[in-house]
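Spelled out from the first residue to the last, the chains are:
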Amino acid sequence: KLLDNSLKIVYDKMKKNSHIYIFTSWKVIEKFKPIVEKYFKIKNCLVWNKNNWGMGDLKNNYAEKYELIIFASKGKRPLYCETRPLNVIDCDRENTDIHPTRKPVKLLKQLIINSTKQNELVLDYFAGSGSTLEAAKECKRRWIGIEIN
């Protein structure tokens, strides 16, 4: 319900021909996809290869080394890349105590550069530790971050 409500609000505010990236897991992607498709055209499912893994069931399950990213669009916005980017992105996870699901600034900069031009606006409405905002600033984009605290 939170995803559906937030995407409805965001869709109405987004400019025509823009991109959205939604970080998710194999555990819930099948639930997320129909909700995202109500508002956006899903273009791809990116795989972020973290090059290391988190904790969890150490003896009875495989270690998870990746995270999925739904890449979708409102309209037809091109990717701003010299070469066509791959849908598997290798980028080390940051080892930090700042936020348990913090995304690496290096990864976010790559997505921001691929989808926006300088001075365009980047929104992260689950901003967490602010790594998206940090990446946007480094890429010379305007940014808005929303977080519960």
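As the structure is a prediction and not an experimental result, all values here were calculated from the model.

Details of the pairing of strand S6 (residues 142–145)
Stage number 1. Of the strand pairs in this sheet, strand S5 (residues 121–124) and S6 are connected by four bridges, and their pairing is parallel. Residue pairing in the sheet places Leu-121 in a bridge with Arg-142 of S6.
Stage number 2. In this region the chain leaves S5, passes through helix H4 (residues 131–138) and returns to the parallel neighbour S6; the handedness of that crossover is right-handed.

Some remarks on the pattern of salt bridges
Stage number 1. For the structure shown, the criterion picks out nine salt bridges.
Stage number 2. Lys-8 serves as the salt-bridge partner of Asp-12, at 4.0 Å between the closest nitrogen and oxygen. On the criterion of helical spacing, the pair formed by Asp-12 and Lys-8 is a turn pair, its members being four residues apart in helix H1 (residues 2–13).
Stage number 3. For Asp-12, a relative accessible area of 53% translates into the label exposed.
Stage number 4. Across the salt bridge formed by Glu-64 and Lys-27, the nearest N and O atoms sit 3.7 Å from each other. Separated by 37 residues along the polypeptide, Glu-64 in the loop between strand S2 (41–49) and strand S3 (66–74) and Lys-27 in the loop between strand S1 (18–24) and helix H2 (29–37) bring together distant segments of the chain.
Stage number 5. Look at Glu-64 and you get partly exposed, because its relative accessible area is 30%.
Stage number 6. What makes Lys-27 exposed here is its relative accessible area of 54%.
Stage number 7. Several salt bridges converge on common partners, so that one network encompasses Lys-50, Glu-67 and Lys-103.

A few points about the nonpolar core
Stage number 1. Ranked by size, the top nonpolar core spans 14 residues in total, and within it Leu-7, Ile-20, Ile-22, Val-36 and Phe-40 carry the most contacts.
Stage number 2. Every element with two or more residues in this core is listed here: H1, S1, H2 and S3.
Stage number 3. Apart from residues lying up to four places away in sequence, Val-36 is in contact with Leu-7, Ile-22, Ile-42, Ile-70 and Ala-72.
Stage number 4. Of all hydrophobic cores here, the second largest spans eight residues; its members include Trp-48, Ile-69, Ile-89 and Cys-91.

Concerning unusual backbone geometry
Stage number 1. Not every positive phi belongs to a glycine, and Asn-119 is a case in point at roughly 75°.
Stage number 2. The exposure class assigned to Asn-119 is exposed, which follows from its relative accessible area of 53%.
Stage number 3. Despite not being glycine, Lys-140 has its phi angle at roughly 60°, a positive value.
Stage number 4. Relative to the assigned elements, Lys-140 resides in the loop between H4 and S6.

So, how was this worked out
Residues numbered from 1 in each chain as written. Predicted model: local features only at pLDDT ≥ 70, side-chain atom pairs only at ≥ 80, totals over all residues. Heavy atoms only, no water. Pairing = 2+ DSSP bridges. Helix = DSSP H or I, 4+ residues; strand = E, 2+ residues; numbered from the N terminus. Right-handed = clockwise from strand over helix to strand, strands pointing away. Salt bridge = Lys/Arg side-chain N within 4 Å of Asp/Glu carboxyl O. Buried < 20%, exposed > 50% of the residue type's maximum accessible area, 1.4 Å probe, protein only. Core = buried A, V, L, I, M, F, W, Y, C linked by side-chain atoms within 4.5 Å. Contact = heavy atoms within 4.5 Å.

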